[in-house]
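A look at the structure
Residue strings, one per chain:
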Amino acid sequence: MQYRLVCLDLDGTLLNPYHEITSYTKAVIGRLQRDGVAVALVSARMPQAMERFHKELELTGPMIAYGGGSIFQDGKAVRAEYIRPAAVKRIVEKGKDFGVHISLYQDENWYVPQMDAYAQQESATVGVVPTVADYGDLMECWERTGRGASKILPLGTAEGLAKLAAFLQTELSHEADAYLNSPTYVEILPHGVDKASGVAALCQVLGLTREQAMAVGDTRTDIPMIQYAGLGVAM
């Protein structure tokens, strides 16, 4: 089997501990592209936080953002899944109750209620500055358009995040799925969205079968795409 698509997770896989791509990795990816193999970045990050790596590797194809929920090609979304506005509103309210910072993402936009320590730390990590927004006004806008959040990122104490995860499981499991990467880092995606669904959608866009895809990752959120692809590699 000749693989025609290589899907690469970013953090902990493509990037080294300094959030850099090594020269050796660049050379290998360049050789793959010259051989006609499509290379796609797959991450829970927003597209702007992936773009610099996409450009650094001189990639020309789509990239999968928001943990599989969105596919971006030339700055435009060709797949976009959202958590409904009503569910987003309930999560925001519970976040306040549990003392948890709630970042909201929609397409190319990242919103925070204030530029607190959590927002500053995440901004420094991904190299993107969020927009400070009044969440009441934002929810009204989203309710009018019918489009909610591409991703919700709650940040806080392990206790606060555990309470929020329990609320999602009991009250909103039909609306959103929580992925616990560590006791203090949870990502909330639209129900049914994972990296496997993103890779499957990308294969459809590119006219490829799953057997022609290779997926590489290092955390539990990468397991679905590793299991889905014709060849899965766990770092």
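In what follows, the structure referred to is the one given above.
Along each chain, residue indices are assigned from 1 in the same order as the chain's sequence is written. Local features in this predicted model are restricted to residues of pLDDT 70 or higher, and side-chain atom pairs are both shown and tallied only at a pLDDT of 80 or more, whereas totals for entire chains, interfaces and linings draw on every residue. The basis for every side-chain value is the complete set of non-hydrogen atoms in the structure, without hydrogens or water.

So, on to the pairing of strand S1 (residues 5-9). The buried fraction of S1 is high, at 5 of 5 residues. Covered by surrounding structure in S1 are Leu5, Cys7 and Asp9 together with Val6 and Leu8, the residues of both alternating faces. Two strands qualify as a pair provided DSSP detects at least 2 bridges between them. Only runs of H or I of at least four residues qualify as helices and only runs of E of at least two qualify as strands under DSSP, and these elements are numbered from the N terminus. In the sheet, S1 pairs with strand S2 (residues 38-42) via 5 bridges, with the strands oriented parallel. The residue of S2 that forms the bridge with Cys7 is Ala40. Across 4 bridges, S1 lies against strand S12 (residues 213-217) in parallel orientation. Residue Leu5 lies in a different strand from S12, and its bridge partner there is Ala213. For every residue, the accessible area obtained with a 1.4 Å probe (protein chains only) is divided by the maximum for its type, and the residue is called buried under 20%, exposed over 50%, and partly exposed between those limits.

What follows deals with the pairing of strand S13 (residues 231-234). Pairing between S12 and S13: 4 bridges, direction parallel. Looking across to S13, one finds that Met214 is bridged to Leu231. Crossovers are marked right-handed if the path from the first strand over the helix to the second runs clockwise, as seen with the strands pointing away from the viewer. Traced from S12 through helix H9 (residues 223-228) to S13, the parallel crossover comes out right-handed.

To continue, consider the side chain of His101. Mapped onto the elements, His101 comes out in strand S6 (residues 101-106). As used in this structure description, the phrase polar contact means that two N or O atoms lie within 3.5 Å; if the pair is within protein, one of them must be able to donate a hydrogen and the other to accept it, and residues adjacent in sequence are counted only when both atoms belong to side chains. A distance of 2.7 Å separates a polar atom in the side chain of His101 from a polar atom in the side chain of Ser103. At a separation of 3.0 Å, a polar atom in the side chain of His101 contacts the side chain of Asp116. Here a residue-residue contact requires only that any non-hydrogen atoms of the pair lie within 4.5 Å. Residues in contact with His101, not counting those within four places in the same chain, are Val112, Pro113, Gln114, Asp116, Tyr118, Ala119, Leu153, Pro154 and Leu155.

On to the nonpolar core, then. By nonpolar core is meant a set of buried Ala, Val, Leu, Ile, Met, Phe, Trp, Tyr and Cys residues that side-chain atoms within 4.5 Å join together. Core analysis: the largest hydrophobic core is formed by 29 residues, its most contacted members being Leu14 and Leu41. Put simply, the parts of the chain that give this core at least two residues each are S1, helix H1 (10-14), S2, helix H3 (48-56), strand S3 (63-65), strand S7 (109-112), helix H5 (117-126) and strand S9 (151-155). Top element by residues in this core is H3. It accounts for 3 residues. One finds Val88, Leu138, Ile152 and Phe167 within the second-largest nonpolar core, a separate group that totals 24 residues.

Bringing the packing of aromatic side chains into the picture now. Any Phe, Tyr or Trp ring, taking Trp's six-membered ring, that has another such ring centre within 6.5 Å forms a pair; planes under 30 degrees apart are called stacked, those over 60 apart edge-to-face, and the others tilted. For the structure on display, the rule yields 3 aromatic pairs. Aromatic pair Tyr105 and Trp110: ring centres 5.6 Å apart, planes at 10 degrees, arrangement stacked. Each member of the pair Tyr105 and Trp110 is classed as buried. Aromatic side chains Tyr111 and Trp142 sit 6.2 Å apart centroid to centroid with 70 degrees between the ring planes, which places their arrangement in the edge-to-face category. Of this pair, Tyr111 sits in strand S7 while Trp142 sits in helix H6 (residues 135-145), and the two are 31 residues apart along the sequence. Across the pair, Trp142 and Tyr111 agree in class, each one buried.

The 6 strands are arranged S8-S7-S6-S9-S11-S10 in an open sheet whose pairing can be described as mixed. In this open sheet, the two edge strands, each paired with only one partner strand, are strand S8 (131-132) and strand S10 (176-182). With 5 bridges joining them, S6 and S9 adopt antiparallel strand pairing. When the sheet's bridge partners are listed, His101 is paired in S9 with Leu155. Think of each axis as a best-fit line through the C-alpha atoms, taken over the contacting stretch in the case of a helix, with angles from 0 to 180 degrees between the N-to-C directions. Contacts from helix H4 (residues 85-97) reach S6, S9 and strand S11 (185-190) within the one sheet, and its direction differs from that of S6 by about 160 degrees. The strands that H5 touches are S6, S7, S9 and S11; relative to S7, the one it contacts most, it runs at about 155 degrees.

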